[in-house]
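Spelled out from the first residue to the last, the chains are:
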Amino acid sequence: MLPASAFSHSSAVPDAPAVEVFELRKEFRRREGLHRRHITALKPVTFAIERGECVAILGQNGSGKSTLVRLLSTLLLEDGGTARVFGHDVFREPRRVQRLINRVSVEASFFKRLSAIENLSYAARFYGLRRRETSTEIPRILERVGFPLERATGPMEDLSRGMQQKVALARALLTSPILLLLDEPTTGLDPRSKLEVQEFIREVRRVHDATVLLCTHDLAEAEELAGRVGILHHGDLLCLAPAADVKRRYRAETLEQAFFAATGTALHEEEEASE
Amino acid sequence: MRGAAVTLRSELMGLSGIVERNTYILRRYIWWELAWFVWTLANTLTIAFIAKGFAQSGATIDVNKATSWLLIGALVWSYLGMVFGLLVEMVQWERWEGTIEHTFMAPLSRTMHLLGTGIFGVLYGIVRTAALFVVVALFFHLQLPHADYGAALVVLLVASISFIGIGMMTSVLPLISPEKGVQLGYIAQGLLLVVSGVYYDVSVLPGWMQALARISPATYALRALRKSIIDGAGVRSLWGDIWPLLVIGAIAIPLGLEIFRRGERYAKRHGKLKRSG
């Protein structure tokens, strides 16, 4: 079992979907000489994710995936529309939402001179976990994600990317989130680490009934892990359906072909960064 | 009632997380801290030598008293720099390390986040300043037979409330301006010390600067610390400097929190709450 955070998850509104996004929109202003240009990072987007579901959002760099995750993580304010997590308004009740979510992003994001245990320990305190809880739970969770405990007291900067990403997963799980936001969690990992992380995501869903929003440009990963797959292109959510339906809709045999048919570009072509 | 206790416990736990994190960082960067301490020591000695220099050039001054006077100015400068530096660099540091998004999406209230950083700065600043004081006092064989160190500690703690409040106001700068925010924070710190009589009495300042000195907590802190360490004044006789510090602190903390709150909203609106690169 994962440790119980000091914050009760009973604060989730009963029967509310895990995520409800309605006409959510985000723009950024970019200075170009004397002028400011408005860049639409997310066009009005509407979708819902049910509790326990795993939804993958596919999109190129700059398609708006990270903007969506950052909006749901309470790190951005909307320019229009609404977003609710387990019934709580992301922009009006951020503290309530923060207690229910955690995130693993493409960058492991740690104090690099600190050890894995130190990084996890102080972060757990932000979620109300006491020292006596973390002193037993941190080694246990690190072991579960396949992190060698003998490396847990050395600086993070001495660890490989794969190992750092395992610590990032452990940090997210330590706080028992019921919504896990995964923003390209396996990008840049070697094949073995990638498989380990993917297996762990499956386990988290199976054992802890967590809801997962996975943003990725790995089509196989999306098809393998998610019940529904969405295609985000230029900030526009073109579809969100089971992978088989997406392929049928675009008359494609593979997700890659479906992505090309939907967007006119291959997934790994670069778009202009949106922010 | 129980709900309030649980919330308070969680808030304090969050605050302790900030102190814990900074303690780990201090431990991991201990050689840098030692180098920084030596640099500050050299800087402080340079300033404290000024009194001896004046005496040698023929000026009639009490070298022991003048050295102590300058030393207190240098120590307060160093202490204030420590508290302000931690607060001003709080955001920038997290940007460099890439942890900013994780910290700002955690259910940690900004009050506890900022107070935790300020409290760590005060605790570490007091230890460091005391060490600096002992080393410099031994170096100059300073005689301070009347010093009331207890009163000096009380003054420093009371002044720290205002210092944390003003530090909170400046700590928002790197949030809204990732490129120039830290530098602007240091400008604010410098201006505060210029008007506060760090190495001179504020009476030598032009009238408009003296007006600013009256609203600077460092003015009262410096005056009270000098009275307690050089003249041996106790807490009761320092009340005239302590109450303005309490008033400024009572205004500065909520004002600092509100300014930071607005800055954070601006950063969230404009997408500035993210790591560098």
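This text follows the structure it describes.
Structural notes, computed from the coordinates. Remember, it's a predicted structure, so these values are computed and weren't measured experimentally.

**Looking at the sheet that holds strand 4 (residues 80-85) of chain A**
Residues and elements named next belong to chain A.
Right, on to step 1. One open sheet accounts for 4 strands, arranged 2-1-4-5; its pairing is antiparallel. Strands with a single pairing partner mark the edges of an open sheet, and in this sheet they are strand 2 (35-49) and strand 5 (88-89).
Right, on to step 2. Pairing of strand 1 (residues 19-32) with strand 4 involves 5 bridges; the strand directions are antiparallel. The residue of strand 4 that forms the bridge with Val21 is Ala83.
Right, on to step 3. Along the sheet, helix 1 (residues 65-72) contacts strand 1, strand 2 and strand 4; its crossing angle with strand 1, the most-contacted strand, is approximately 115°.

**A word on the pairing of strand 7 (residues 179-183) of chain A**
Look at any regular strand and the pattern is simple: side chains alternate between the two faces of the sheet.
Residue and element names in this part refer to chain A.
Right, on to step 1. With 5 of 5 residues buried, strand 7 is to be regarded as a mostly interior element.
Right, on to step 2. Sheet analysis places strand 6 (residues 101-105) next to strand 7, joined by 5 bridges and oriented parallel. Paired with Val104 across the strands is Leu182, a residue of strand 7.
Right, on to step 3. Bridge count between strand 7 and strand 8 (residues 211-216): 5 bridges; the pairing is parallel. Directly across from Leu181, in strand 8, lies its bridge partner Leu213.
Right, on to step 4. Following the chain from strand 7 across helix 6 (residues 191-208) to the adjacent parallel strand 8, one finds a crossover that is right-handed.

**Description of the interface of chain A and chain B**
Right, on to step 1. The interface is formed by 30 residues belonging to chain A together with 28 residues belonging to chain B.
Right, on to step 2. Within the residue set of the side of chain A that touches chain B, elements represented by two or more residues are strand 1, helix 2 (94-98) and helix 3 (116-126) of chain A.
Right, on to step 3. Tallied by class, residues from the side of chain A that touches chain B come to 13 nonpolar, 6 polar and 11 charged.

**Quick word on the packing of helix 4 (residues 131-144) of chain A against helix 5 (residues 161-174) of chain A**
Residues and elements named next belong to chain A.
Right, on to step 1. The N-to-C vectors of helix 4 and helix 5 enclose an angle of 130°; their axes lie 9 Å apart at closest approach. On the basis of the axis angle, helix 4 is oblique to helix 5. The element helix 4 and its partner helix 5 pack so that their crossing is right-handed. Note on element contacts: helix 5 touches helix 4 through Ala170, Leu173 and Leu174, opposite Glu137, Ile138, Ile141 and Leu142.
Right, on to step 2. Of the residues belonging to the contact of helix 4 with helix 5, the class tally is 6 nonpolar, no polar and 1 charged.

**Details of the environment of Ser63 of chain A**
Right, on to step 1. Its location among the elements puts Ser63 of chain A in the loop between strand 3 (54-58) and helix 1.
Right, on to step 2. In this structure, the C-alpha to C-alpha distance between Ser63 of chain A and Glu50 of chain A, residues 13 residues apart in sequence, is 24 Å.

**Topic: the pairing of strand 3 of chain A**
Residues and elements named next belong to chain A.
Right, on to step 1. When you tally the buried positions in strand 3, you get 5 out of 5 residues, the bulk of the element.
Right, on to step 2. The two faces of strand 3 match: Cys54, Ala56 and Leu58 on one face and Val55 and Ile57 on the other face are all buried.
Right, on to step 3. Direction of pairing for strand 3 relative to strand 8: parallel, over a ladder of 5 bridges. Opposite Ala56, over in strand 8, you have Leu214 as the bridge partner.
Right, on to step 4. Direction of pairing for strand 3 relative to strand 9 (residues 228-233): parallel, over a ladder of 4 bridges. Opposite Ile57, over in strand 9, you have Gly230 as the bridge partner.

Each value, and the rule that gives it
- Along each chain, numbering runs from 1 in the same order as the chain's sequence is written.
- The lettering of chains begins at A and the numbering of ligands begins at 1, in the order of writing.
- Totals for whole chains, interfaces and linings use all residues, but because this is a predicted model, local features are given only for residues with pLDDT of at least 70 and pairs of side-chain atoms are given and counted only at 80 or more.
- In this description, strands pair whenever DSSP reports at least two bridges between them.
- Helix and strand definitions here come from DSSP, where helices need a minimum of 4 consecutive H or I residues and strands a minimum of 2 consecutive E residues; each element is numbered from the N-terminal end.
- Residue pairs qualify as contacts under a 7 Å threshold applied to their C-beta atoms, which are placed from the backbone.
- Note on geometry: axes are lines fitted to C-alpha atoms, helical ones only across the stretch in contact, with angles between N-to-C directions running from 0 to 180 degrees.
- Neighbour counting defines burial: a residue surrounded by 20 or more other C-beta atoms within 10 Å of its own C-beta is buried, one with 12 or fewer is exposed, and intermediate counts give partly exposed, using backbone-placed C-beta atoms.
- If the strands point away from the viewer and the path from the first strand over the helix to the second runs clockwise, then the crossover is right-handed.
- The classification used treats Ala, Val, Leu, Ile, Met, Phe, Trp, Tyr, Cys and Pro as nonpolar, Asp, Glu, Lys and Arg as charged, and all other residues, Gly among them, as polar.
- Should an angle fall under 35 degrees it is taken as roughly parallel, and over 145 as roughly antiparallel, whereas 65 to 115 is taken as roughly perpendicular and any remaining angle as oblique.
- It is the rotation of the near helix from the far one that decides the hand of a crossing: anticlockwise by less than a right angle makes it left-handed, clockwise makes it right-handed.

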